[in-house]
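Next come the chains, spelled out residue by residue.
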Amino acid sequence: MDIKIEIDNGSGFCFGVTTAIQKAEEKLSDGGQLYCLGDIVHNGTECERLHDRGLITINHDDLESLHDVRVLLRAHGEPPQTYATAKRNNVEIIDATCPVVLALQRRIRKQYLDNPEAQIVIFGKNGHAEVLGLVGQTDGNAIVIEHFEELKNAEISYEKDIYLYSQTTKSLEEYNNIIDYIKQHIQEGHIFKSFDTICRQVANRMDNIRAFAENHDLILFVSGRKSSNGKVLYNECLKVNANSHHIEGPEEIDPLWIKDVRNIGICGATSTPKWLMEQCRNAIIHGIK
């Protein structure tokens, strides 16, 4: 039986991740040590590839004790205190913060300084690298909402001005639900403003990946399980195709999934390298050896 396998053209690294990896590879080719603050991308396989080339992943505690070295800041961005630590320790920063994230950081910082009494609410994942960078712009005072359901119990006062922002990779639909809820509850005489800060390269992929998943008998969604974007996109696949499976690499493909399947689609997150999706395709072609 012939099996048709298609890799989604829209899947793979977003602009910000591509740029960060290119900067890392350029600096590594120059020679000398290069550190990265956190995993450069939420994909273990790609992190291992760059580690083999010499990239050393560190955390914020490590940064405090490093001096006179080069440190790359990944696409997710960092709070102001990270830059202060680097300056204090004479650390050369290679800043690969995504331009979309950087613009959002600046917008939140300006709003916070202009009206520090207002509440800044961020729709995002608690503890996520990008969200930590955004909250840092408010000196830790922003309120983070992970899901629409949390609004009812969140420590938000509707008798104050509210400014709402979103992590760049969150669901546009859920964000709009949050906007509607706050509009309904904000007290008269107070300002509520929301800002569309969701990355369109990610948001547009929702419709595209649903259409892709609908057109295949089986979907293999390839991404690291730490990827927030990966979880969102995989759930979009599941909504339209119950025969969708989340895997990190070809070794996780179950041969039973493929039995009697004629049309397989392989797609992934903005943190999934094309070469990894190609490995999954090749594993199927060669009998998953």
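See above for the structure.
How each quantity is defined
- Residues numbered from 1 in each chain as written.
- Predicted model: local features only at pLDDT ≥ 70, side-chain atom pairs only at ≥ 80, totals over all residues.
- Heavy atoms only, no water.
- Helix = DSSP H or I, 4+ residues; strand = E, 2+ residues; numbered from the N terminus.
- Expected span 1.5 Å × (residues − 1).
- Buried < 20%, exposed > 50% of the residue type's maximum accessible area, 1.4 Å probe, protein only.
- Arc of directions from axis to C-beta.
- Contact = heavy atoms within 4.5 Å.
- Polar contact = N/O pair within 3.5 Å; in protein donor to acceptor, adjacent residues only side chain to side chain.
- Phe/Tyr/Trp six-rings, centres within 6.5 Å; stacked < 30°, edge-to-face > 60°.
- Core = buried A, V, L, I, M, F, W, Y, C linked by side-chain atoms within 4.5 Å.
- Pairing = 2+ DSSP bridges.
- Axes fitted to C-alpha atoms, helices over the stretch in contact; angles between N-to-C directions.

Asks: Please set out helix 11 (residues 274-285) residue by residue, giving values where relevant.
Replies: In a regular helix each residue adds 1.5 Å, so 12 residues correspond to 16 Å; helix 11 covers 17 Å between its end C-alpha atoms and thus fits that length. Of all the residues in helix 11, the buried ones are Leu276, Met277, Cys280, Ala283 and Ile284. An end-on view of helix 11 places all buried positions within 115° of arc, on one side of the element. Tucked inside the fold, the buried residues of helix 11 contact strand 1 (4-7), helix 2 (44-52), strand 10 (218-222), strand 11 (244-247), helix 10 (255-258) and strand 12 (263-268). Trailing helix 11 by a residue or two, Gly287 shows a phi angle of about 80°, which is positive.

Asks: Tell me about the environment of Arg225, and name the residues and values.
Replies: Within the element layout of this structure, Arg225 appears in the loop between strand 10 and helix 9 (228-240). Overall, Arg225 belongs to the partly exposed group, its relative accessible area being 39%. It is 8.3 Å that separates the C-alpha atoms of Arg225 and His246, two residues lying 21 residues apart in sequence. Residues within four places of Arg225 in sequence aside, it is in contact with Lys231, His246, Ile247, Glu248 and Glu252. Engagement of the side chain of Arg225 in a polar contact is seen with the side chain of Glu252, the distance being 2.8 Å.

Asks: How would you summarise the packing of aromatic side chains if you had to cite specific residues and measurements?
Replies: Any pair of aromatic rings gets described here by the distance separating the centres and the angle formed by the planes. All told, the structure shown has five aromatic pairs when counted by the stated rule. Pairing Phe123 with Tyr175 gives two aromatic rings, centres 6.0 Å apart and planes at 5°, and the pair type is stacked. With a gap of 52 residues between them, Phe123 in strand 6 (residues 119-123) and Tyr175 in helix 7 (residues 172-185) connect regions that are remote in the sequence. One exposure class covers both Phe123 and Tyr175, and it is buried.

Asks: Can you tell me about helix 5 (residues 99-114), naming the residues and giving the values?
Replies: Residues that lie three or four places apart on an α-helix share one face, since the helix turns once every 3.6 residues. The first and last C-alpha atoms of helix 5 sit 22 Å apart over 16 residues, in line with the 22 Å expected at 1.5 Å per residue. For helix 5, the set of buried residues is Val101, Leu104, Gln105, Ile108, Gln111 and Tyr112. Angular distribution of buried residues about the axis of helix 5 spans 135°; they occupy a single face of the element. Structural note: helix 5 exposes Arg106, Lys110, Leu113 and Asp114 on the side pointing more than 90 degrees away from its buried face. On its buried side, helix 5 packs onto strand 6, helix 6 (129-136) and strand 8 (162-166).

Asks: Quick rundown of the nonpolar core? Include the residues and the values.
Replies: Side chains that are nonpolar tend, in soluble globular proteins, to be buried together. Counting residues in each nonpolar core, the largest one holds 18 residues, and the members touching the most others are Leu151, Ile156, Ile162, Leu164 and Ile182. Of all elements in the fold, only strand 6, strand 7 (143-145), strand 8 and helix 7 reach the threshold of two or more residues within this core. No other element matches the five residues that helix 7 contributes to this core. With residues up to four places along the chain from it excluded, the contact list for Ile162 reads Gln119, Val121, Ile156, Ser157, Ile182, Ile186, Ile191, Phe192 and Lys193. In this structure, Cys14, Ala20, Ala24 and Ile40 belong to the second largest nonpolar core, which totals 16 residues.

Asks: Can you break down the sheet that holds strand 3 (residues 55-58) residue by residue, with the values?
Replies: Spatially, 3-2-4-5 is the arrangement adopted by the four strands of the open sheet, whose pairing is parallel. Edge positions in the sheet fall to strand 3 and strand 5 (92-95), since each has one partner strand and no second. With direction set aside, neighbouring strand axes in the sheet form an average angle of 35°. Where strand 4 (residues 70-73) lies against strand 5, four bridges are found, and the strand directions are parallel. Residue pairing in the sheet places Arg70 in a bridge with Glu92 of strand 5.

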